[in-house]
Structures are given as C-alpha cells and as structure tokens.
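# Breakdown of the fold
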Amino acid sequence: LRNSDAIPGIDSAVDVTAANEMASSKIFDQLLNNPYNVPNNQIVLTDGTLNPSASLLYPDDLDWVDAVTRVGYRQNYDMSFQGGTEKSDFYVSLGYLNEEGYLLSSDFERISGRMNVNYQANKWLKTGLNIGATTSKGNQSQATSAGSNNFVNPIRFSRSMGPIYNIYEHDATGAYVLDENGEKIFDLGASRATGASPGRHIAAELAWNEDLDEITSLSGKSYIDITLMEGLVFTTNVSLDTRNFYNIDFRNKFVGDGAPAGAASRTSTKRTTVGFNQLLNYTKSFDKHNFKFLVAHESLEMRYNYFYGRRTEIIADGNTELINFVTATDVYTYEDNENDESYFGRINYDYDGKYFLSASYRQDGTSKFASDKRWGDFFSIGGAWRLDKESFIENKDWIDMLKLRASYGEIGNNSGISYYAYQGLYDLDYNNQSESGFLQGSLEAPNLLWEQSASSDVAIEFRLFNKLNGVIEYYNRESDNLLFDVPLPLSSGSESISQNIGTMYNRGFEIA
C-alpha cells in the first residue's frame with residue numbers, strides 16, 4: 001500500500017514519509033476488519049510493523065480451518081460364510097462401512113452384500129446364481145457437482161482466509177454475541193476484503209446447506225450349463241445391473257447461493273442394463289487332431305432415466321422438500337436407450353501341440369446407427385508353430401520353448417458417440433411464454449458406420465537356458481476413427497463406397 005504512493009530509494013524522503021503515514025492510516029480501508037483493541041488508523045505503525053500495543057479481541061475465533069474440520073473416524077465390519085456339498089457350493093458376504101469425514105458435513109455409510117451359489121443337478125445340468133447389492137448415503141460437504149465452485153469449497157475457502165476475519169459476531173469488547181438459546185451467531189454481515197470471499201460464510205453454509213447422495217445398486221447373474229452329448233455344452237447367461245442415484249440439494253436463504261429466498265433441488269438417475277447370451281461349445285479330439293468350436297449370440301439392452309427439479313423461495317424453515325417452495329425454476333427429464341446384439345463364432349485347431357490355427361467371425365449390431373447401417377462384420381485369423389517340438393530343435397537342451405506366431409484381426413467400436421448419433425436432434429425448452437420453441441442440436445448422419453480397427457502382428461516367443469524368457473514382435477495397427485457410407489453417381493458402376501475421415505496408424509517392434 002505504501003509503495004503504491006512512494007518507493008524508498010526512488011522517491012524523495014518527504015514523499016516516502018507521507019506515503020508511510022497514508023498507509024498506516026488507511027490500512028483498515030484495505031482489510032475492512034480490525035480484530036485488535038486499537039483504533040483503525042493505528043493497527044500498523046508508519047514503519048510497517050504491527051502496533052505493539054495491539055492485542056486480539058477474540059484470538060480463538062480466527063481459525064477458519066478449525067471451524068470446518070474435525071477429527072474423523074472410520075469403522076468397517078465384514079462377515080462371510082461359505083460351504084457346500086458334493087453337488088453344491090455357496091458363498092455369502094455382508095459388509096458395513098461408516099465414515100465421518102475430516103470436513104464437517106462429510107460422511108459416508110454403506111451396506112453391501114453378495115451371494116454366490118452353484119449347483120450340479122446331475123451329470124448334464126449345472127446352474128448358478130450370483131447376486132450383489134449395495135446401498136449407500138453420504139453428505140458431500142458441498143463438494144459434488146451441485147456445489148463445486150470455489151466459494152463453497154471448504155478447503156479453498158478456509159485456507160485462503162486471512163487470520164484477521166472472525167467467524168462469529170462479537171460486541172465492542174470482543175465478547176461473543178449469543179442468540180436466545182445461548183448459541184454463537186455466525187457473522188454473516190462481516191466486511192472482508194475482495195480476496196476473502198465477502199458475502200459468503202463457509203462455516204454457516206456447511207451447517208445450513210445440504211448435499212446428500214443416496215445410491216442403490218443391484219447386480220444379478222445366472223447361468224445354466226447343459227451337456228447335450230460328450231464334448232457338446234450349451235450355456236446360457238442372464239445378467240441384470242441396475243443403479244439408482246438420488247441427490248438432495250438445499251441452499252439456505254441467509255447466505256450463499258440460496259440467499260435471499262432459499263432453494264432446493266432433486267436429481268434422480270436410474271440405469272438398468274440387461275444382458276443375455278447363449279453359447280454352444282464343442283470339443284473334439286482324434287489321433288493328434290484337436291478341435292474347439294464356439295457358436296454364440298449375445299444381446300444387451302440399456303436404459304437410462306434422468307430427472308432434475310429445482311424450486312426457490314422456501315415457505316417454512318426446516319422443511320427442504322420441493323413442495324415447501326413457491327417457484328419452480330427448472331424441471332428436466334430425459335431417457336436414453338441403447339440396444340446391442342451380436343452373433344459370433346470361433347474355431348481353434350491344433351495338431352499334436354505343434355501347429356495351431358484359430359479363426360473367428362462376428363456380426364455386431366447397434367441402435368446407435370441407422371437400421372440399414374447398424375450391422376458390422378469383423379473377423380480374425382491366427383496361427384502358431386511350436387518349433388521346439390520339431391525333431392531338428394527338440395534335442396537342443398538350451399532351447400526350452402520356441403514359438404513363431406502371426407495373426408490378423410478386425411474389430412468394431414461404437415463408443416464415443418451419442419445413443420442417437422445417426423438422427424437429427426432438437427434441443428427443447430426454448431419457449432416464449434405460451435409459445436413453444438426449439439433449436440436444432442445436431443444434424444442427421446444416416447450414413448454413419450462402425451469404427452473399424454485392424455491389427456496384425458508377427459512374433460517369436462522363446463525361453464532359453466531355463467532362465468531367459470522373451471518376445472520379439474512386429475505389429476501394425478490401423479484405425480478408421482470415423483466412417484461414412486458415401487453414395488456414388490450411377491455412372492461409377494457402384495452404389496456406394498466407404499470413406500473414412502481420419503485414419504490412425506501404429507506400428508513398430510516390441511522386445512520384452
């Protein structure tokens with residue numbers, strides 16, 4: 001403050017003296033608070049030192065970190081049981097966690113359980129069930145997305161607060177001002193400098209606001225194995241996963257984001273995923289030939305529901321339900337759906353443990369693409385040769401294992417795009433009073449295709465002298481990260497071609 005008027009060694013001694021006097025008398029105008037027992041213009045002497053006659057009026061009320069923290073504790077209990085008979089086995093577990101956090105208004109409680117049962121009904125039938133459930137609730141100390149800005153970050157707020165600003169109200173003597181119940185009163189109207197978050201009070205906001213998350217998750221998986229004949233096994237799997245999230249958010253009417261009327265919101269989400277697959281495995285060996293066949297189908301259905309509602313102007317204190325507020329400022333809901341389906345098969349063959357061949361093919365479909373573009377075809381093929389089992393190598397003691405392998409494969413990817421990527425979408429809620437309004441949010445992309453990735457590799461694997469293991473590999477990976485089916489003129493002799501926008505290449509040697 002003094003240097004803004006005059007700087008020693010640059011300005012004259014007279015100007016520096018005047019600047020010292022100015023800074024001493026106006027320091028309060030910068031800090032806007034005086035916790036000492038001396039007048040506002042005598043807090044700091046003209047030489048820049050604290051007045052030796054100054055003592056704090058309320059030294060125990062300046063520690064904001066202490067005001068928002070506590071000694072936390074954590075308790076955790078787990079139990080499990082397991083057993084079985086000749087035809088069955090089971091495992092059951094139950095857990096309880098309770099944690100009181102280091103910050104005020106931060107706690108977490110969780111109850112979880114799991115049960116796993118397998119039953120061999122007879123030689124040809126086996127079934128099982130795996131169920132898990134978790135329910136939890138936790139206060140987030142205003143650290144979630146509902147209140148993540150700097151003002152309501154307890155750590156940021158308390159550590160950036162100068163230790164001259166009081167938390168509670170005091171009278172002229174420095175004594176605490178108490179309410180009718182004899183409790184200290186938060187100093188909501190205190191003046192603080194710009195960098196000390198004026199108009200906010202983290203201790204009061206932690207005490208009066210609410211940010212509670214409640215989460216319930218349930219997962220269940222069941223299978224049936226049926227042995228149709230020797231080497232032929234049919235398996236079906238069913239899975240269900242659901243997650244419910246509920247957030248209660250309340251902002252008080254006295255200080256902070258909810259002032260001066262108070263505000264509350266509710267956020268609810270539900271995600272449900274159902275999976276279903278059937279697999280037919282066949283294993284056959286004769287002479288030195290070994291075969292493994294797989295034919296399968298898989299489907300996956302996902303549904304996501306979202307709700308958000310917010311109201312302001314609280315009616316009766318102590319009730320944070322939305323019905324206790326006057327004005328609805330925001331109500332928003334939506335639902336997302338995705339359906340994926342796949343058909344695939346695989347053949348594995350080896351001869352005498354020396355020569356190996358493998359081939360697979362799959363057809364994947366997704367609701368993210370238009371109906372005539374949603375299916376993609378992908379395959380892989382690979383082979384290996386165990387050189388160490390050949391007569392010209394197997395007698396060499398220093399070679400324990402030597403294998404040459406090579407493969408090529410293609411896979412598809414539909415992540416990274418919206419559930420309705422091929423559709424032209426519109427953003428709603430641009431209404432003008434009673435007249436509806438909307439804006440176009442995205443353009444149609446009916447020719448969008450699967451992202452395709454292809455990879456190939458050649459490698460030598462070895463183990464030498466019963467000590468040295470290693471792999472020398474050359475690989476090449478190529479990904480077309482955005483594909484469109486582009487119509488061509490009839491004169492071209494073809495209806496369409498696939499055009500990729502951006503291709504990534506990755507190739508090189510790897511030695512391990």
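Report on the accompanying structure. Per-chain numbering applies: the sequence of each chain, read as written, is numbered from 1 onward. In keeping with the model being predicted, local features are shown solely for residues with a pLDDT of at least 70 and side-chain atom pairs are shown and tallied solely at 80 or more, while totals for entire chains, interfaces and linings include all residues. By convention in this description, side-chain values take in all heavy atoms of the structure and omit both hydrogens and water.

### As for the packing of aromatic side chains
Each pair of aromatic rings taken from Phe, Tyr and Trp, with Trp reduced to its six-membered ring, is defined by centres within 6.5 Å and is described as stacked if the planes are under 30 degrees apart, edge-to-face if over 60, and tilted in the remaining cases. Evaluation of the coordinates by the stated rule reveals 24 aromatic pairs. Their ring planes at 5° and their centres at 5.9 Å tell us that F291 and F293 sit as a pair that is stacked. Under the relative-accessibility criterion, F293 is labelled partly exposed at 31%. A connected cluster of aromatic rings, assembled from ring pairs, spans Y168, Y176, F186, W208 and F254. Lysine NZ or arginine CZ positioned within 6 Å of the ring centre and within 35 degrees of the ring normal marks a charge as sitting over the ring. Lying over the aromatic face of Y176, K184 brings its terminal NZ or CZ to 4.3 Å of the ring centre. Whether a residue is buried, partly exposed or exposed follows from its accessible area with a 1.4 Å probe, protein chains only, as a fraction of its type maximum: under 20%, in between, or over 50%, in that order.

### Here we look at helix α1 (residues 13-31)
The helix and strand labels rest on DSSP assignments: H or I over at least four residues marks a helix, E over at least two residues marks a strand, and numbering proceeds from the N terminus. One fewer than the residue count of a helix, multiplied by 1.5 Å, yields its expected span. Taking 1.5 Å of rise per residue, 19 residues should cover 27 Å, and α1 covers 27 Å from first to last C-alpha, within 8% of that figure. Taken as a whole, α1 carries its principal kink of about 45° at S25. With its phi angle positive at about 65°, L32 sits one or two positions after the end of α1. Bend angle per residue: angle between axes fitted to the 7 residues ending at that residue and the 7 residues starting there.

### Section: the nonpolar core
As used here, the term nonpolar core means buried Ala, Val, Leu, Ile, Met, Phe, Trp, Tyr and Cys residues forming a set that is joined through side-chain atoms within 4.5 Å. Among the nonpolar cores identified, the biggest contains 16 residues, and W64, M161, Y165 and I202 are the most heavily contacted of them. For this core, the secondary-structure elements that each account for two or more residues are α2 (64-68) and α4 (202-208). Among the elements that take part in this core, α4 stands out by supplying 4 residues, more than any other. Those residues within four positions of M161 in sequence are excluded, and the remaining contacts are W64, R192 and A196. Only heavy atoms matter for contacts: two residues are in contact if any of them lie within 4.5 Å across the pair.

### A word on the side chain of N33
Summarising the element assignment, N33 is placed in the loop between α1 and α2. If sequence neighbours within four positions are ignored, N33 has contacts with F28, Y58, I164, Y165, N166 and S191.

### Notes on a nonpolar patch on the surface
Together, Y355, W385, F392, L404, V458, I460 and I472 make up an exposed nonpolar region whose accessible area comes to about 600 Å². As for its placement among the helices and strands, F392 is situated in helix α5 (residues 391-394). Every patch collects residues that have over 30% relative accessible area and no salt bridge, joining them within 9 Å if they carry like charges and within 5 Å if they are nonpolar side chains (Val, Leu, Ile, Met, Phe, Trp, Tyr). For the accessible areas, the method is Shrake-Rupley and the probe is 1.4 Å, while residue cover comes only from the protein chains on display. Definition used for salt bridges: Asp or Glu carboxyl oxygen within 4 Å of a side-chain nitrogen of Lys or Arg.

### Quick look at the layout of surface pockets
Of the grid points, spaced at 1 Å and generated over the protein atoms alone, those admitting a 1.4 Å probe that cannot get out make up cavities, while open sets with protein on both sides within 12 Å along at least five of seven lines make up pockets; any residue with an atom within 4 Å of a point is treated as lining. Grid points are joined across faces, edges and corners, and a volume is the space filled by probe spheres set on the points. Its boundaries defined by the atoms lining it, the largest pocket holds a volume of some 440 Å³. Lining the largest pocket are 15 residues, with Y332, Y334, Y426, D427 and L428 positioned closest to its centre. Secondary-structure elements contributing two or more residues to the lining of the largest pocket are β9 (325-351) and β13 (425-427). It is β9 that contributes the most residues to the lining of the largest pocket, 7 residues altogether. When residues are grouped by polarity, Ala, Val, Leu, Ile, Met, Phe, Trp, Tyr, Cys and Pro land in nonpolar, Asp, Glu, Lys and Arg in charged, and all others, Gly among them, in polar. The class makeup of the residues in the lining of the largest pocket is 8 nonpolar, 2 polar and 5 charged.

### Observations regarding the pattern of salt bridges
Between side chains of opposite charge, a pair can form as their charged atoms come close. Under the defined criterion, the tally for this structure stands at 15 salt bridges. Between R200 and E205 there is a salt bridge whose closest N-O contact spans 2.9 Å. E461 is the partner of R405 in a salt bridge, and the nearest nitrogen-oxygen pair spans 2.5 Å. With R405 in strand β12 (residues 399-413) and E461 in strand β15 (residues 451-464), this pair connects stretches of sequence that are 56 residues apart. Classification of E461 by relative accessible area gives buried; the value is 18%.

### Brief notes about the pairing of β9
The pairing of strand β8 (residues 289-314) with β9 spans 25 bridges and is antiparallel. Residue H297 lies in a different strand from β9, and its bridge partner there is Y343. A pair of strands is considered paired only if DSSP assigns at least 2 bridges between the two. By the bridge criterion, 12 bridges tie β9 to strand β10 (residues 355-366) in an arrangement that is antiparallel. Residue pairing for β10: Y349 is matched across the bridge by L357.

### Focus on the environment of N20
Tracing the backbone shows N20 in helix α1. Measuring from C-alpha to C-alpha, the distance between N20 and Y419 comes to 67 Å, with 399 residues separating the pair along the chain. Discounting residues that sit within four places of it in the chain, N20 has contacts with R2 and T46.

### A few points about unusual backbone geometry
Residue A259 is joined to P260 through a cis peptide bond whose omega torsion reads 5°. Checked against the element boundaries, P260 lands in the loop between β6 (232-251) and β7 (263-286). For S197, which is not glycine, the phi dihedral falls at a positive 50°. Note that S197 resides in the loop between α3 (154-159) and α4. Overall, the relative accessible area of 3% leaves S197 in the buried class.

### Examining the pairing of strand β3 (residues 106-120)
Both strand β2 (residues 88-100) and β3 contribute to a ladder of 13 bridges, which runs antiparallel. Bridge assignment links Y96 to a residue of β3, and that residue is I111. Here β2 hands over to β3 after 5 residues, with S105 in that stretch at a positive phi of 60°. Bridging between β3 and strand β4 (residues 125-140) involves 15 bridges; their strand directions are antiparallel. Its bridge partner being in β4, S112 is matched across the sheet by T134. Counting the residues between successive antiparallel strands, the hairpin from β3 to β4 contains 4 residues.

### Considering the environment of L178
Within the fold, L178 resides in the loop between α3 and α4. Looking at L178, the relative accessible area reads 47%, which means it is partly exposed. On a C-alpha basis, the gap between L178 and Y168 in space is 9.3 Å, while along the polypeptide they are 10 residues apart. Residues contacting L178, with those up to four places away along its chain left out, are E183, K184 and I185.

All quantities given are derived from atomic positions and should not be read as evidence of function.
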